[in-house]
Amino acid sequence: MTEVKAELVGSVWKVKTQVGAQVAEEDELLILESMKMEIPVTAPRAGTVKEVRVKEGEVVKEGQVLVVLE
Amino acid sequence: MTFWSANRIRPVENEYGKLVGELHARRKKNLAMGGAEKIDKQHQRGKLTVRERIGLLFDQGTFVELGLLAHQQPVRGGESDPDGTPADGVVTGHGDVDGRQVWVIAYDFTVMAGSMGAVGEQFKAARVRELALRYRKPIVWLLDSAGARIQEAAGSTFAGSGWLFADQVVGARLVKAATGEDVTDHEMGGSQVHCYESGVGDNEVADDVECIAMVRRFLSYLPSSNTEQPPLVVTGDPPDRLVDGLDKIVPVNPRSAYDVRKVVKAVFDQESWFELKPTWAKNIVVGFARAGGQSVGVVANQPMQKGGALDSDAADKAARFIRMCDAFNIPLVYLMDVPGFMVGSQVEKEGIIRHGAKMLYATSEATVPKVTVIMRKAYGAGYYVMNGKGYQPDTIVAWPFAEISVMGPEGAVNIIFNKQVEAAEDPTATRAQLIETIRAQITPYLAAGWAMIDDVIDPVETRRVIIKGIEQARDKKIDRPWRKHGNIPV
């Protein structure tokens, strides 16, 4: 199981995956918006999306778990 | 002095021959390091012996050893083991790296675990430091050592012995004794900690061979000392080459990310990019490259990481690199695409102002040629620390889609026109309209119209402009008023 965490404070701009989806390494899982930038959050490894813990528009903290892969 | 080929003289059966023979026997014994068994163990750990490392470090046949015949001496009436301590566990001398003299202090783990003894430190390493300073040459330290030989350092005469603790990494047992914390040695000094978390290490390598190749490459960008210019290298990449492919690397939309290292590789001489600290504070990219054969230090914002926003670690990383370049006469090139410093309660608690000030200090104090290319965003204090106009760039240019502003248009509208937007019949449309109005005011043509920047350039011209900018500043000499020293914002 791999927890994908936010690397900085921001809001969730777009969620681009869903529970059950198969993802490859480097696939975009969601996009954060922070510091006037759209910041892609990518899968650190291939796997299946087990949980998506955030919704679009939600503000996340640095280190907060966004997606869980297995 | 001992050369590698010392064993070729044949002993003769007379007094002369015997005396010379003894010398060769002593050399042979010490060249054998800690013996076959210890050498096997070293190899089994995936490590090379100290002499194999030195063989890789220097150009073939150039190593000259000093102190081969040294060994442990009794310290303060203690015991010593002359036979068991060939060269006192440290190999010292000099050789050539790409034809330039470099000195070495290399610990031999097969001799008392490479521990640092009195002879090895006070006499052998000290000799290297003395001579390298006299000739203004670099020293490479190859550390593979258990640390200080405590038995030769313990006691109150430790007061006189700064030499012994100069370059030590603290081990787990020492931490346990000092604070009670349970840690492993790897947690204390491993590359995982120092190359990914602490930022102490520059580059992680897989093995000894890669490490020494990297040391040689690192030296190739530097002068032998701060009294010289870095070496010019013939790279064969034309200085006036137009840069292809930037349109496919850099999105015009300032909100979209890209990997700035692709820009660096496209702009500078082919195969010349040497990144430092690539796995730490990844939101800023620093490293050496060559521009028409000239060594340069590149400082580039990385939109792929944290949107390229600067934080404490990024500022520290950049500050240290900028000062290294300035110390060794290496021109600086800033590739700017920065949304500013990170904002928020967390970074304030970290003291981001204190850390950001280091980068500002380094940039403002640097007297080497400095070229700034504003690729896209140049917002707020990020613009200053990335060598904006106020920090005396020798050349400062912008790409056509650059945005130079105290903040981005969206943020500016939120602050300046908040009431106007709220009062509007259609707040969304009004906001969008105001954003566009501000966007028109932050184009590079405004700054170029005031001649606040030197030019707006087609991105394909970037390489040529950088090389010309460095050439233009070749005779730069800045004399500042005397002061005892500055107060670096540590």
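Residues numbered from 1 in each chain as written. Chains lettered and ligands numbered in written order. Predicted model: local features only at pLDDT ≥ 70, side-chain atom pairs only at ≥ 80, totals over all residues.

Visitor: Explanation requested: the overall build of chain B in the structure shown.
Guide: Helix and strand counts for chain B come out as 21 helices and 13 strands. Judged by the C-alpha coordinates and their principal axes, chain B covers about 105 × 55 × 50 Å. Classification of the 490 residues of chain B by burial places 39% in the buried group. The long-range fraction of contacts in chain B, counting pairs at least 24 apart against all pairs at least 6 apart in sequence, stands at 72%. (Helix = DSSP H or I, 4+ residues; strand = E, 2+ residues; numbered from the N terminus. Buried ≥ 20, exposed ≤ 12 C-beta atoms within 10 Å, placed from the backbone. Contact = placed C-beta atoms within 7 Å.)

Visitor: Would you mind going over unusual backbone geometry with me for this structure?
Guide: Note on backbone geometry: most residues besides glycine have negative phi, and most peptide bonds are trans. Residue and element names in this part refer to chain B. Of note in the backbone geometry, Asn-329 takes a positive phi value of approximately 60° without being a glycine. Assignment of secondary structure puts Asn-329 in the loop between helix H13 (312-327) and strand S9 (332-338). The phi dihedral of Ala-451 falls on the positive side, at around 55°, and the residue is not glycine. You can see Ala-451 is positioned in the loop between helix H20 (444-449) and strand S13 (455-456). For Ala-451, a count of 8 C-beta atoms within 10 Å corresponds to the exposed category.

Visitor: So what exactly am I meant to see when it comes to the interface of chain A and chain B here?
Guide: The accessible area lost on association of the parts is a frequent measure of interface size. Contacts between chain A and chain B engage 11 residues on the former and 16 residues on the latter. Element by element, the count of residues in the side of chain A that touches chain B is highest for strand S5 (residues 37-42) of chain A, at 4 residues. When grouped by side-chain class, the residues that make up the side of chain A that touches chain B number 6 nonpolar, 1 polar and 4 charged. (Nonpolar A, V, L, I, M, F, W, Y, C, P; charged D, E, K, R; others polar.)

Visitor: Explanation requested: the sheet that holds strand S6 (residues 47-52) of chain A in the structure shown.
Guide: Hydrogen bonds between backbone atoms are what pair the strands of a sheet, whose relative direction is either parallel or antiparallel. Residue and element names in this part refer to chain A. With antiparallel pairing, the 4 strands of this open sheet are ordered in space as S1-S8-S6-S3. Looking along the sheet, the strands with just one partner apiece sit at the ends: strand S1 (2-5) and strand S3 (22-23). One ladder, built from 3 bridges, connects S6 with strand S8 (residues 65-69); its direction is antiparallel. Its bridge partner being in S8, Val-52 is matched across the sheet by Val-67. (Pairing = 2+ DSSP bridges.)

Visitor: It is not clear to me how the sheet that holds strand S4 (residues 28-34) of chain A should be interpreted in this structure. Could you clarify?
Guide: Residue and element names in this part refer to chain A. The sheet built from 4 strands is open, its strands ordered S5-S4-S2-S7 with antiparallel pairing. Edge positions in the sheet fall to S5 and strand S7 (59-60), since each has one partner strand and no second. Pairing of S4 with S5 involves 6 bridges; the strand directions are antiparallel. What sits directly across from Ile-31, in S5, is Pro-40.

Visitor: In this structure, what is going on with helix H1 (residues 15-31) of chain B? I would like to understand it.
Guide: Structural remark: α-helix, 3.6 residues per turn; residues separated by three or four positions point the same way. An ideal rise of 1.5 Å per residue puts 24 Å on 17 residues; H1 of chain B measures up with 24 Å between its terminal C-alpha atoms. Met-33 of chain B sits one or two residues past H1 of chain B and shows a positive phi near 55°. (Expected span 1.5 Å × (residues − 1).)

Visitor: Would you explain the confidence of the model for chain A in this entry?
Guide: Low pLDDT marks regions whose predicted coordinates should not be analysed in detail. In the predicted model, chain A carries a mean pLDDT of 93, and 100% of its residues have values of at least 70. Across chain A, the element-wise mean pLDDT spans from 89 in S5 of chain A up to 96 in S8 of chain A. (pLDDT = per-residue confidence, 0-100.)

Visitor: Explain helix H17 (residues 409-416) of chain B here, please?
Guide: Residues of H17 of chain B that are buried: Pro-409, Gly-411, Ala-412 and Val-413 of chain B. Against strand S12 (403-405), helix H18 (418-423) and helix H19 (427-441) of chain B lie the buried residues of H17 of chain B.

Visitor: How do you make sense of the confidence of the model for chain B when you look at a structure like this?
Guide: All names here are of chain B. Considering every residue of chain B, the mean pLDDT works out to 90; 92% of them sit at 70 or more. Contacts from residues 160-169, a stretch scored under 50 in pLDDT, to residues over four places away or in other chains number 13 contacts. On the interface metric, ipTM, the complex scores 0.74, and its pTM is 0.88.

Visitor: Is there a simple way to explain the environment of Glu-461 of chain B in this structure?
Guide: Residues and elements named next belong to chain B. Its place among the elements puts Glu-461 in the loop between S13 and helix H21 (462-472). Judged by the 16 C-beta atoms lying within 10 Å of it, Glu-461 falls in the partly exposed class. Sequence spacing of Glu-461 and Arg-474 is 13 residues, and the spatial spacing of their C-alpha atoms is 20 Å.

Visitor: Looking at this structure, I do not really get the pairing of strand S8 (residues 294-301) of chain B. What am I missing?
Guide: Side chains on a regular strand alternate between the two faces of the sheet. Residue and element names in this part refer to chain B. Counting buried residues along S8, 8 of its 8 residues qualify, which places the element largely inside the surrounding structure. Residues Gln-294, Val-296, Val-298 and Ala-300 point to one face of S8 and Ser-295, Gly-297, Val-299 and Asn-301 to the other, with burial holding for every one of them. As defined by bridge partners, strand S7 (residues 284-291) adjoins S8 across 8 bridges and the pair is classed as antiparallel. By the bridge assignment for S8, Arg-290 is matched with Ser-295. When S8 meets S9, the two strands line up parallel, connected through 4 bridges. Looking across to S9, one finds that Gly-297 is bridged to Leu-332. Between S8 and its parallel partner S9, the chain crosses via H13, and the hand of that crossover is right-handed. (Right-handed = clockwise from strand over helix to strand, strands pointing away.)

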